[in-house]
Amino acid sequence: MLNKQLKTLLSSFLLISFFCTPNFSQQETSNQLLQEKPETEVTYSVTEVPKKIEEVTIYLNNLESIIVPASEIVKIETTYVDFNESMKELKSEADLDKLDEKFTRSLKDLRQRWGAKHKQVLEWQKIIEDRSTNLDEEKAKFENIKATWKRTYDNAKKEKAPEDLLKSIRNIQTQLTLKGKDLIKRSNTLLSYQSRIAEVNIELSNIVVKLDDALNLRRTEIFTRDAPPLWAIVIESPDTVSLTNQVEDIWVLYKRSVSDFIETESDKLIYDLLVFILFFLFVYGLKYFSRSIEAEDSAVKFAVKLLDRSLAVSFLIFLIFSSLLYTDAPDVLKSLIKITMLIPLLRILSHIINPLLKAPLYGLSILYVLNQFQDIAVIDSFLGRLILLLLTILAIAGLIWIIRSKVFEKSFEGKKALGYVSFGNRAALTLISFALIGNILGYVSLANLLVSGTLNIIYIAILLFTAVAVLNALIILFLKTKPAQKLRVVQYQHEKIQLTSRKIIRLAAIILWLGTVLNSYNVYDPVLVWLSETLNRKWEIGSFSIAIVNVLIFIFSIWAAVIISRTVRFFLEGDILPRLKLPRGVPGAISSLTTYSILVLGIIVALFGIGLDLSKLTILVGALGVGIGFGMQDLVNNFISGLILIFERPIQVGDAVSVADISGRVQSIGIRSSIIRNWSGADIIVPNGHLISNKLTNWTMTDQLRRIEIKVGVMYGSDVNKVMEILLNCAKGNQKILTRPAAYVLFQDFADSYLEFELRCWTSNYTDWIEIRSDLRVAINNSFEKEGIVIPFPQRDLHIITDRTKDQLGEDDHTRRKKRLGTDKDKEKK
């Protein structure tokens, strides 16, 4: 009855809320009017003055810490002069009026150095703006306090307060005046710095834009000849002195970039070193633990083999994440990091790959190192073109050798992987061949782009492949450690965790590689701009307009909400809630409500993401209410019944239930329906309204107890007491049978062929009660055989009638009939 009333009440509430949507705009307007009331002027009474003097004294002491410059401001003030000097040196070195005469490598270097300056100024500007905002707010508060004490003094003087009290008020006013001057002075100083830094920011912004324009111009001219043919330079006999200077310039560039980076990021580098040490200890601990693992699975064996190079694994992962964190590092330093990555990369791959692939791997490493030096060098110079020529010739020779020797066909077993690698090999050969021709003819920028981009793509692909293998190995071994095995989700769902983590790592690697492909061929920014314009373009249908980006945001929000809700539910139900001592059914309710809350929040974010004005949905919601009231009663009934199941908790996941003609175990409780798996293994979807309105039997609602009843018959003449004793001993001998309630035996009946007994006992293991009953029957049978007690077959007495018997019976019947007739005649005579 209560459930029906609750359903009716909730249905009525839904319909009323749909039709009676309030006018939020009027409410908001009235609230704004209430908030916009002017504040009343505060004046302290004479009796309040002593307490308020104490409060304002504490405030003035705290104000001192606000007036004193913060550590960030002090740092800006001390480094501003040196910053200006370094800017002047960079200006004299850069010669910004002749950017069209500079080499591409020089332009990139200038763009990074000026970009670093600009970034530093922007950080300073933000710090000073935040500080100025805080001081302005404090000044407004200070002026109010000052005006309050002026009114308080006038009021105290008017009420003829004692002279000591007036003197205390004047003293407070004097302190306020002094602090006010300090506050104004500090604010003016910040405004002066803010003005100067704003001027520097404008200057730096113009320089960065100018350098970006110069680099973009070089990119657009990539298909134009930007140098004389190579044979023309050879005929002119290049200057060896200039060649030596260019080598020295490369060394100076390396040295300056590393020193500048260490100087600006010295604080972070200490923490990075600490992180590397901790990560190495973690990897080494896994390596030590892996010695005790009995590796039966091939994935586990591969992971154990991979961690034989624990130092190389730690160093490689550390360098990869460092390169992702320091995205603003100079290209020279990034190049140095990539070259350094080759050391652990080669050590790991040489230990796990097919020996036939070692020669191509070492050859690619040499080519990549040459490419990095060539990329740092001034590619427009003779040295850059010479390294580029040597690089392309070696790369073409190596690729042709790989194709002709069929190294990949002998090394890869899977056809899919072999197809990808073969296609990439031939594509690389084609691109580098075009680069060789371009370098000879004078298309140096195009040739450099093709060679550097192709080698960088191959290198990053191998690097990400190794990183994916390493991370998967670390996860596999970590899930087998004792700390991880203490988690319930790891104990029961370790395969699912491995599969999901493998998919996430693989997806992240693919995204990084695609970004590398675009960036390597200098099309990342143009593609990004094109995508931004395409996705933000408005599509209008009548008065309705929408952009593709809004649709993508809607889809992504729903998808993210589903993934997050599933993940949260996975950890809540798998590990967190089972550890908490909560009442029966509460964990399931918490899990369900959390899941649906995340989904509802995701839907709301998705609706806002597509720019939908929720205030215009009143008519639609009203129509939906009518539909719910008339055509969707069953859906609402099931929805409300789902809420009742969640809050009242008559059943929970894992309960053994019987409803109508369905009997089984509850697998899940949804907001509309629940799933019951019957004892035959079939999953039955039951509407929640069916569970609430029908008679429901929950076998495990309060406990897991189950009574086991076993009927047995013995032959007439058996010792009744002995039979009962044997049955009780069989129940007591089973460890899964409870001693309380105690087992007992009943002498049920004198049956046709046997004496009927019934053993009744209890078990707390409801899941296995059928197996326990089977074990008891086996024990009873064995005990009866041992004691000579017979379980009889059903017996019947049969009377067989032959022909002789039939004749004899016939004669007897004839004699009896004659006697009966004679008796009847005598009666008539009388």
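Residues numbered from 1 in each chain as written. Predicted model: local features only at pLDDT ≥ 70, side-chain atom pairs only at ≥ 80, totals over all residues. Heavy atoms only, no water.

Visitor: Explanation requested: the nonpolar core in the structure shown.
Guide: Soluble, globular proteins show a tendency: their nonpolar side chains are buried together. Counting 54 residues, the largest nonpolar core has Tyr-459 and Leu-463 as the members making the most contacts within it. For this core, the leading source of residues is helix 17 (residues 444-478), giving 18 residues. Excluding residues that lie within four positions of it along the chain, Tyr-459 makes contacts with Lys-338, Met-341, Leu-342, Leu-345 and Tyr-368. By size, the runner-up hydrophobic cluster in this structure holds 46 residues, among which are Tyr-80, Leu-90, Leu-96 and Leu-211. (Core = buried A, V, L, I, M, F, W, Y, C linked by side-chain atoms within 4.5 Å. Buried < 20%, exposed > 50% of the residue type's maximum accessible area, 1.4 Å probe, protein only. Helix = DSSP H or I, 4+ residues; strand = E, 2+ residues; numbered from the N terminus. Contact = heavy atoms within 4.5 Å.)

Visitor: How should the sheet that holds strand 8 (residues 706-714) be read in this particular structure?
Guide: Adjacent strands of a sheet form backbone hydrogen bonds with each other and so pair up, either parallel or antiparallel. Pairing in this open sheet of 3 strands is antiparallel, and the strands run 8-10-9 from one edge to the other. On the outer flanks of this sheet lie strand 8 and strand 9 (744-750), each paired with one strand and no other. This sheet shows a mean twist of 25° between the axes of neighbouring strands, independent of strand direction. Lying over the sheet, helix 26 (residues 720-732) contacts strand 8, strand 9 and strand 10 (755-763), oriented at roughly 20° with respect to strand 10. Along the sheet, helix 27 (residues 769-787) contacts strand 8 and strand 10; its crossing angle with strand 8, the most-contacted strand, is approximately 25°. (Pairing = 2+ DSSP bridges. Axes fitted to C-alpha atoms, helices over the stretch in contact; angles between N-to-C directions.)

Visitor: Explain unusual backbone geometry to me, please; I cannot follow it from the model alone.
Guide: A negative phi angle is the norm for most residues apart from glycine, just as the trans form is the norm for most peptide bonds. The amide bond that connects Arg-740 to the next residue, Pro-741, takes the cis arrangement and shows omega of -5°. You can see Pro-741 is positioned in the loop between helix 26 and strand 9. A positive phi angle, near 60°, is found at Asn-522, a position not held by glycine. In this structure, Asn-522 sits in the loop between helix 19 (488-520) and helix 20 (524-536). For Ala-660, which is not a glycine, the phi torsion comes out positive at approximately 55°. Here Ala-660 lies in the loop between strand 3 (656-659) and strand 4 (662-669). Ala-660 gets classed as exposed once you look at its relative accessible area, which sits at 59%.

Visitor: For this particular structure, what's the right way to read helix 4 (residues 71-94)?
Guide: An α-helical turn contains 3.6 residues, so a residue and the one three or four places further along point in the same direction. Between its first and last C-alpha, helix 4 extends 33 Å over 24 residues, near the 34 Å set by a 1.5 Å rise per residue. Along helix 4, the sharpest change in direction is near 40° and occurs at Thr-79. Those residues of helix 4 that fall on the buried side of the exposure criterion are Ile-73, Ile-76, Tyr-80, Phe-83, Met-87, Leu-90 and Ala-94. Immediately downstream of helix 4, the backbone of Asp-95 shows phi near 55°, a positive value. (Expected span 1.5 Å × (residues − 1). Bend = angle between axes of the 7 residues up to and from the residue.)

Visitor: Please clarify how the side chain of Ser-501 should be interpreted in this entry.
Guide: Considering the arrangement of structural elements, one finds Ser-501 in helix 19. Within the structure, the side chain of Ser-501 is placed 2.9 Å from the backbone oxygen of Gln-498, a separation counted as a polar contact. (Polar contact = N/O pair within 3.5 Å; in protein donor to acceptor, adjacent residues only side chain to side chain.)

Visitor: Could you clarify how one ought to interpret the packing of helix 26 against helix 27 in this entry?
Guide: Between two packed helices, what matters for the description is the angle formed by their axes and the separation of those axes. As a packed pair, helix 26 and helix 27 sit with axes 9 Å apart at the nearest point and diverge in direction by 140°. On the basis of their axis angle, the class for helix 26 and helix 27 is oblique. Taken as a pair, helix 26 and helix 27 cross one another with a handedness that is right-handed. Taking contact as the criterion, the partners of Lys-722, Val-723, Ile-726, Leu-727, Cys-730 and Ala-731 in helix 26 are, on helix 27, Leu-776, Ala-779, Ile-780, Ser-783, Phe-784 and Glu-787. Each residue belonging to the contact of helix 26 with helix 27 can be placed in one class, and the counts come to 9 nonpolar, 1 polar and 2 charged. (Parallel < 35°, antiparallel > 145°, perpendicular 65-115°, else oblique. Left-handed = near helix turned anticlockwise from the far one by under 90°. Nonpolar A, V, L, I, M, F, W, Y, C, P; charged D, E, K, R; others polar.)

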